[in-house]
Amino acid sequence: MAIDVKFWGVRGSIACPSPDHVVYGGNTSCVEVRIGDQTLIFDAGTGIRNLGKDMIDLKVTKACIFLTHTHWDHINGFPFFVPAYNPQARFCVLAGHLTKQGGVERVFSAQMADPTFPVPLSAMQSKLTFEDFTVGTVLEPVAGILVRTAPLRHPGGVTAYRVEHGGKSVCYVSDTEHVPGHPDKGVLEFIRDADLVIYDSTYTDDEFPAKVGWGHSTWQEGIRLCRAANVKRLALFHHDPDHSDTAMTVIEQQARAQWSDVFAARDGMVVAV
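In what follows, the accompanying structure is described. For clarity, every value in this text was computed on a predicted model and none was experimentally measured. Along each chain, numbering runs from 1 in the same order as the chain's sequence is written. For a predicted model such as this one, the threshold for reporting local features is a pLDDT of at least 70, and the threshold for listing and counting side-chain atom pairs is 80 or more; totals across whole chains, interfaces and linings nevertheless cover every residue. The side-chain quantities take in all heavy atoms of the structure and omit both hydrogens and water.

## Notes on the overall build of the protein
Here is step 1: If you tally the helices and strands in the protein, you get six helices and 14 strands.
Here is step 2: Just to be clear, the radius of gyration here is over C-alpha atoms, and the globule rule we use is 2.2 Å times residues to the power 0.38. What you see for the protein is a C-alpha radius of gyration of 17 Å, in line with the 19 Å of a compact globule of 273 residues.
Here is step 3: Projected onto its principal axes, the C-alpha positions of the protein cover 50 × 40 × 40 Å.
Here is step 4: Note on exposure labels: buried denotes an accessible area under 20% of the residue type's maximum, exposed denotes more than 50%, and partly exposed covers the range between, all computed with a 1.4 Å probe on protein chains only. Taken across its 273 residues, the protein has 55% of its residues classed as buried.
Here is step 5: A contact between two residues is defined here by any heavy atoms of the two lying within 4.5 Å. Put simply, 68% of the contacts in the protein that link residues at least 6 apart link residues at least 24 apart.
Here is step 6: Here the open area of atoms and residues is found with the Shrake-Rupley method and a 1.4 Å probe, where only the protein chains shown may cover a residue. Counting every atom, the protein has about 11700 Å² of accessible surface; 54% of that belongs to carbon and sulfur.
Here is step 7: Under this rule, positive means Lys or Arg and negative means Asp or Glu; His and the chain ends count for nothing. Charge positions are represented by NZ for Lys, CZ for Arg, CG for Asp and CD for Glu. Between the averaged position of the 24 positive side-chain charges in the protein and that of its 31 negative side-chain charges there is a distance of 5 Å. For the purposes of this entry, the term helix denotes a DSSP run of H or I that reaches at least four residues, the term strand denotes a run of E that reaches at least two, and both are numbered from the N terminus.

## Regarding the pairing of strand β8 (residues 145–152)
A regular strand places its side chains so that they alternate between the two faces of the sheet.
Here is step 1: For two strands to be treated as a pair, DSSP must find no fewer than two bridges joining them. Where strand β7 (residues 138–142) lies against β8, three bridges are found, and the strand directions are antiparallel. Note that in β8 the partner of valine 138 across the bridge is arginine 148.
Here is step 2: In this structure, the hairpin formed by β7 and β8 is closed by a connection of two residues, where glycine 144 is found at a positive phi of approximately 95 degrees.
Here is step 3: The pairing of β8 with strand β9 (residues 158–165) spans seven bridges and is classified as antiparallel. Residue arginine 148 lies in a different strand from β9, and its bridge partner there is arginine 162.
Here is step 4: Here β8 folds back onto β9 in antiparallel fashion, the turn holding five residues, of which glycine 156 has a positive phi close to 90 degrees.

## Some thoughts on the environment of histidine 178
Here is step 1: Position of histidine 178 among the secondary structure elements: in the loop between β10 (168–173) and α4 (185–191).
Here is step 2: Residue classification places histidine 178 among the buried positions, given a relative accessible area of 5%.
Here is step 3: Once the C-alpha coordinates of histidine 178 and phenylalanine 81 are considered, the two residues, 97 residues apart in sequence, prove to be 33 Å apart.
Here is step 4: Pairs of N or O atoms are called polar contacts if they sit within 3.5 Å, as long as, within protein, a hydrogen donor faces a hydrogen acceptor (for residues adjacent in sequence, only side-chain-to-side-chain pairs). Side chain to side chain, histidine 178 and serine 217 meet in a polar contact 2.8 Å long.

## Description of the packing of aromatic side chains
Here is step 1: Any pair of Phe, Tyr and Trp rings, taking the six-membered ring for Trp, is counted once the centres come within 6.5 Å. Such a pair is stacked with planes under 30 degrees apart, edge-to-face with planes over 60 apart, and tilted for the rest. Evaluated as defined, the whole model comprises twelve aromatic pairs.
Here is step 2: Measuring from ring centre to ring centre gives 5.1 Å for phenylalanine 42 and phenylalanine 66, while their planes differ by 15 degrees; the resulting arrangement is stacked. Of this pair, phenylalanine 42 sits in strand β3 (residues 38–42) while phenylalanine 66 sits in strand β4 (residues 62–67), and the two are 24 residues apart along the sequence. There is no split in this pair, since phenylalanine 42 and phenylalanine 66 are both buried.
Here is step 3: Through pairs of rings, three or more aromatic residues link up here, namely Phe7, Phe42, Phe66, Phe133, Tyr161, Tyr172 and Phe237.

This is the structure in structure tokens:
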């Protein structure tokens, strides 16, 4: 059974709807992985709003939502995820970085509380559950689908995910900072032999020195890691909101000149694995 990956939000930091962000999109992080009738959602940035509308059209009423972390650009679409207000729907929200901060439910409840939002989390009438796990745990949302987890280098902590099913694998490695000249061994082993890696490519190598400590990586580092780990395809992801369509086209062209098995993710793009 194929793994279908759809990108609903590919930007980092902040949504950037504008005439200069039409081709690649302006929504923040949200990726859907569909395996048969099972739906896995990675991050709940502004892209999850359109995903929710699509789920309503397709009458999909259950999913697991895996969070890399809870910085705003990865969760601020959740209050607008309309399926979560359906009493007939079931969703589980999982996070691996908040066990010492009171858990993911506390963070989501605070996000939807006065004075920052007028509708409380309790207004979501779906069967909504929250689960905190320790990074490194292997999750099995349903029989036959494994979701491996690993830590990433980012302020506050981040979880990487690797979905495995039927001999295929997809890795979601967003929000991680590398050390130039020192490949991250943890990431290398985590993505080894994967069919598709979605990687934090916020900056270019030229931009990176001014952004050290911000918790992000570059498209060049993504290529270096993926080629060293025998990855089949690389999706550049978490695009800098200051990178317009014109800039992104140049980045994608430069990346493909280095390695033909790389592409820049776009809002609405579907990739079959």
